[in-house]
Amino acid sequence: MILRLGLLLMLIAALASGGLALLNTQTAPVIAENKAREQEQARTEVMRSLGVTRFEKRVADDGLVYYRAFDERGVLIGYVTVARGKGYSSTVETVAGYDTTFHVAGLKITFQQETPGLGTKSQEIRKGETTPWFLQQFAGKDATTLAVKKDRGDIDAITGATITSRAVTNSVREAALKVKDAVAHEPVPIGQPALSDTLAAEIGSAASREEQP
Amino acid sequence: MDLSNLLVIVVGSILINNFVLARFLGICPYIGVSKKLSSAIGMGMAVIFVMTLASLASWLIYYYLLDPATSVWGVDLTFLRTIAFILVIASLVQFVEMVIQKLAPALYQALGIYLPLITTNCAVLGVAVLNIDESYTLIESLVNAASAGVGFTLALILMAGIRERLDTADIPKPLQGVPIAFLMAGLMAIAFLGFSGLSFG
Amino acid sequence: MSVRSEFTKGLIKENPVLRLALGLCPSLAVSSSVENAIGMGISATFVLVMSNLLISLVRKGVPSKIRIPVYIVIIAAFVSIVEMVMAAYQPDLFRALGIFVPLIVVNCIILGRAEAFASKNTPLLSVVDGFGMGVGFTLALLVIATVREILGNGTWYGISVTPSGFEPVLLMMLAPGAFLTMGLVLGFVNWMDQRKAERDKMESVVKAGFARSRKEA
């Protein structure tokens, strides 16, 4: 008897799961597309000050995902990656853009669920401006030595939101160090300036075409 | 094993982000069971037990069956998370009910309807979902669940202690019962806000 | 048991949050802004109406012993639908509501109405009951969210409604503000109840007095 009830329950659960699976085929691609578009938008925004127009994805040996950023001539301008730091009540995600000397080009917080009115001030934009005031102070600073004033750095933390401020600052610094390390191990031939893969391929094929009689 | 990381989780879930007073999870039973100290303690123990077991089961199910990156069949079934978790919790509560009925019938009577209601305790499902959202390892999830349960029990005991005294206090009629409980929870929440200054360097 | 009365009872007389003390967790968590409150209210109403409908349709066929797990599966399925659709088409709201979207499945209102009403009534009445309870839930959320957002942020639905010299009371946006607001709102509802009860009592005493004096006359 119990077996029959159990089977009936499993049948109902299976039916429900089937229906959900159908809906999932519709919504999963939309969700993935949303996320991709949002990340791309963030990347463009943080590198806008340097005139970047193209990005190329790279994955380092340890799984770190970062993007090489190029201007319209194909010259390497900098790097973008996602920095993650444990905040007060959530993991804060910041899209961080650096130039080739690893100074901060721009930052954009893409996920946080910090304390309303305190940690959330990290995304607050003053009237008449276009970017959060907390993030503006990072621009141009050496990303590899970032720290809040309490930790002997020169970043002004948000009043009452030290933990959130530290999360952003430290994660951007750690991410810069990781990308710097990954870039140092990139398979770029010695003596050649860093070019985008496609541009290098074009030059390579053009050169080999020229060499033919 | 990163012990300091676990300590951060423990202090975080009990004090800094107390599940009841800061995260708003587990309010219904909180208001219902916090009238007497003895039933509050019993309920708290049951919740800690269910929360830890439920987090264990749901973590295993998520990473072995649902998450494409780690599951045995590599298909993305994460959309089944809610159904799977709540069914696990419902079965666990049934099981715990039977065990308590056999081993501690007095406690079973005292908890009454609130025992099966642990199924709808948002804190139990909440901690299971949080473990996944925060990408905790199995050990971290178990520690988080147990700490969350302890935090819930702590809030429950504090509230019950105060409410027992309130029986002899002169409260305006409209505020008697549930409203005054909420006002006191508010004051306790203010006190717990003080823990937000705790940091671990 | 008219259709109209089934709907309106959920709004005030049997308001799930303010009278039946159900659905308290989301009421506190999601009420820090009117926008979130409305989003949660609509989602919960959808799940409530659909699950009431389906449960009422299958009420005769489900063996009593497994009825609670069956209701849970049905409710969880609709909550999963809300999760997927919101994540795809309203990602900002989805992020704002956080874990409280999947937590709709343990919203005591939904399982409560399924057991108390949908399992014993026709689909039409169940849908109306679900809709009424859902709207009542949303209204309660709106009341609390209005108080918290205006006092705690100076805005309503994101629009500034306070004079520029107004310093928002940050506490209202945090946990204590939710508890205090809920306590005061519930106290207010009780006070109105008690006043009405006293007035009714006065009325009946006066009526009895009249009846007696007429008899004696």
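One can find the structure itself at the top, above this paragraph.
Residues numbered from 1 in each chain as written. Chains lettered and ligands numbered in written order. Predicted model: local features only at pLDDT ≥ 70, side-chain atom pairs only at ≥ 80, totals over all residues. Heavy atoms only, no water.

Draft legend 1. Geometry of the overall build of chain A. The secondary structure content of chain A amounts to four helices and five strands. Across the 213 residues of chain A, 41% fall into the buried class. Considering only residue pairs separated by 6 or more positions, chain A has 48% of its internal contacts joining residues 24 or more positions apart. Accessible surface, chain A as shown: approximately 12100 Å² in total, 57% of it carbon and sulfur. (Helix = DSSP H or I, 4+ residues; strand = E, 2+ residues; numbered from the N terminus. Buried < 20%, exposed > 50% of the residue type's maximum accessible area, 1.4 Å probe, protein only. Contact = heavy atoms within 4.5 Å. Areas by Shrake-Rupley, 256 points an atom, 1.4 Å probe, with all protein chains shown as cover.)

Draft legend 2. Here's a closer look at the sheet that holds strand β5 (residues 104-111) of chain A. Residue and element names in this part refer to chain A. If you walk across this open sheet you meet the five strands as β1-β2-β3-β4-β5, and the pairing is antiparallel. Among the strands making up the open sheet, the edge pair consists of β1 (54-59) and β5. Sheet twist, expressed as the average angle between the axes of neighbouring strands with direction ignored, equals 25°. The sheet contact formed by strand β3 (residues 76-86) and strand β4 (residues 91-99) spans nine bridges and is antiparallel. Bridging across to β4, G78 finds its partner in D99. Each of β1, β2 (65-70), β3, β4 and β5 touches helix α1 (residues 2-46); the most contacted strand, β5, lies at about 155° to it. The strands that helix α3 (residues 162-184) touches are β2, β3, β4 and β5; relative to β3, the one it contacts most, it runs at about 135°. (Pairing = 2+ DSSP bridges. Axes fitted to C-alpha atoms, helices over the stretch in contact; angles between N-to-C directions.)

Draft legend 3. Up close: the pairing of β2(A). Residue and element names in this part refer to chain A. The element β2 is largely enclosed, with a buried count of five among its six residues. Hairpin geometry of β1 and β2 is characterised by an intervening segment of five residues between the two adjacent antiparallel strands and by a positive phi of about 95° at G63. Sheet topology note: the β2/β3 ladder contains five bridges and is antiparallel. Within β3, the position partnered with R68 by the bridge is Y79. Where β2 folds back onto β3 in an antiparallel hairpin, the turn is made up of five residues, including G74, whose phi is positive at roughly 90°.

Draft legend 4. Region of interest: the interface of chain C and chain B. With 37 residues of chain C at the contact, the number on the chain B side is 38 residues. Among the residues chain C hides against chain B, the three largest losses belong to C:C25, C:V106 and C:F179. Together they make up 21% of the total. Counting across the interface, chain C meets chain B through zero salt bridges. Counting every contact that joins chain C to chain B gives two residue pairs in polar contact (both at pLDDT 80 or more). For the side of chain C that touches chain B, the elements supplying multiple residues, two or more each, are α2 (24-29), α4 (67-89), α6 (108-118) and α9 (175-216) of chain C. Here the side of chain C that touches chain B takes 13 residues from α9(C), the largest share from any one element. Tallied by class, residues from the side of chain C that touches chain B come to 30 nonpolar, six polar and one charged. (Buried area = accessible area lost by both parts, 1.4 Å probe. Salt bridge = Lys/Arg side-chain N within 4 Å of Asp/Glu carboxyl O. Polar contact = N/O pair within 3.5 Å; in protein donor to acceptor, adjacent residues only side chain to side chain. Nonpolar A, V, L, I, M, F, W, Y, C, P; charged D, E, K, R; others polar.)

Draft legend 5. The arrangement of the packing of aromatic side chains in detail. In total, this model carries 14 aromatic pairs over all chains according to the counting rule given. Judged by centre distance (6.0 Å) and plane angle (45°), the ring pair of A:Y98 and A:F102 falls under tilted. You'll find A:Y98 and A:F102 in the same group, each marked buried. Taking the centre distance of 4.6 Å and the plane angle of 50° together, the rings of B:W59 and B:Y63 count as tilted. One end of the pair is B:W59 and the other is B:Y63, both in helix α3 (residues 37-66) and four residues apart, which spans about a single turn. Across the pair, B:Y63 and B:W59 agree in class, each one buried. Through a chain of ring-to-ring contacts, three or more aromatic side chains come together here, namely A:Y66, A:Y79, A:Y98 and A:F102. It is A:R43 that lies over the ring of A:Y67; its NZ or CZ is 3.7 Å from the centre. (Phe/Tyr/Trp six-rings, centres within 6.5 Å; stacked < 30°, edge-to-face > 60°. Lys NZ or Arg CZ within 6 Å of the ring centre and 35° of its normal.)

Draft legend 6. Examining the packing of α1(A) against α4(C) more closely. Where α1(A) meets α4(C), the closest approach of the two axes is 8 Å, and the angle between their N-to-C directions is 5°. On the basis of the axis angle, α1(A) is roughly parallel to α4(C). Contacts between α1(A) and α4(C) involve A:L9, A:I12, A:A13, A:A16, A:L20, A:L23, A:N24, A:T27, A:V30, A:I31 and A:N34 from the former and C:P69, C:V70, C:V73, C:A77, C:S80, C:I81, C:M84, C:V85, C:A87, C:A88 and C:Y89 from the latter. Residues that form the contact of α1(A) with α4(C) fall into these classes: 18 nonpolar, four polar and no charged. (Parallel < 35°, antiparallel > 145°, perpendicular 65-115°, else oblique.)

Draft legend 7. View of unusual backbone geometry. Even without glycine at this site, A:F102 takes up a positive phi of about 60°. Backbone geometry places B:F24, a non-glycine residue, at a positive phi of 60°. Tracing the backbone shows B:F24 in the loop between α1 (3-16) and α2 (27-33). Looking at B:F24, the relative accessible area reads 7%, which means it is buried.

Draft legend 8. Up close: the interface of chain C and chain A. If you look at the interface, chain C gives 21 residues, while chain A gives 21 residues. Here chain C meets chain A over a buried area of about 1700 Å², counting both sides, of which 80% is carbon and sulfur. Considering only the side of chain C, the residues that lose the most area to chain A are C:I66, C:M84 and C:R95, jointly responsible for 31% of the buried surface there. Across the chain C-chain A interface, the total number found is one salt bridge. Note that A:E38 is salt-bridged to C:R95, the shortest N-O span being 3.4 Å. Counting every contact that joins chain C to chain A gives two residue pairs in polar contact (both at pLDDT 80 or more).

Draft legend 9. A look at the side chain of C:S27. Residues and elements named next belong to chain C. If you trace the backbone, S27 turns up in helix α2. You can call S27 buried: its relative accessible area is 1%. Look past the residues within four positions of S27 in its chain and what remains in contact with it is V17, F137, L141, I144 and M182.

Draft legend 10. Fine view of the packing of helix α3 (residues 34-57) of chain C against helix α7 (residues 123-153) of chain C. Residues and elements named next belong to chain C. Where α3 contacts α7, the axes come no closer than 8 Å and their chain directions differ by 165°. Taken together, the axes of α3 and α7 are roughly antiparallel relative to one another. The element α3 and its partner α7 pack so that their crossing is right-handed. Its residues assigned to classes, the contact of α3 with α7 comprises 19 nonpolar, nine polar and three charged. (Left-handed = near helix turned anticlockwise from the far one by under 90°.)

Draft legend 11. Up close: the side chain of A:Q112. All names here are of chain A. Examined against the element boundaries, Q112 turns out to sit in the loop between β5 and α2 (133-136). Here E114 takes part through its backbone nitrogen, which lies 2.9 Å from a polar atom of the side chain of Q112. Within the structure, Q112 has its side chain in polar contact with the side chain of Q123 (distance 2.8 Å). Apart from the residues lying within four places of it in its own chain, the contact partners of Q112 are S90, V92, T120, S122 and Q123.

Purely spatial values, then, with no claim about function.
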